[in-house]
Amino acid sequence: MSKLSTVTELWQFLKVRKKWWLAPILIMLLLLGGLIILTKGSALAPFIYAIF
């Protein structure tokens, strides 16, 4: 199962079930995950992890 099909399936779920309140939660989770991945090897890592 590819990552693109997972995203497509999630989008279809949100459209069909009218669960639009989940969209901001998913967007924030993706942004925070990306932030953690991008700062993994940098000097900012201790400060990012202190937030959580």
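Only a predicted model underlies this, so the values are computations on that prediction, with no experimental measurement involved. Note that residues are indexed from 1 along each chain, following the sequence as it is written. Restriction of local features to residues with pLDDT of at least 70 applies here, the model being predicted, together with a cutoff of 80 or more for giving and counting side-chain atom pairs; totals for whole chains, interfaces and linings are based on all residues. For the side-chain quantities, the full set of heavy atoms in the structure was used; hydrogens and water were omitted.

Tallying secondary structure elements over the protein gives three helices and zero strands in all. What you see in the protein, going N to C, is helices and strands ordered as α-α-α. Taking all 52 residues of the protein together, the buried fraction comes to 8%. The protein chains shown are the only cover counted for residues, whose accessible areas, like all others here, come from Shrake-Rupley with a 1.4 Å probe. Summed over all atoms, the accessible surface of the protein reaches about 4,700 Å², with 76% contributed by carbon and sulfur. Starting at the N terminus, helices and strands are each numbered in turn, a helix being any DSSP run of H or I of at least four residues and a strand any DSSP run of E of at least two. Using a 1.4 Å probe on the protein chains alone, a residue whose accessible area is under 20% of its type maximum counts as buried, one over 50% counts as exposed, and one in between counts as partly exposed.

The next point concerns unusual backbone geometry. With a phi close to 55°, Lys-18 is a non-glycine residue in the positive phi region. Tracing the backbone through its elements, the reader meets Lys-18 in the loop between α1 (3–17) and α2 (22–38).

For any part of a model where pLDDT is low, the fine detail of the predicted coordinates should not be relied upon. Within a predicted model, pLDDT stands for the predictor's per-residue confidence, ranging from 0 to 100. Residue-level pLDDT values for the protein average 80, and 79% of them are 70 or greater. Within the protein, the lowest mean pLDDT, 69, falls on helix α3 (residues 45–51), and the highest, 85, falls on α2.

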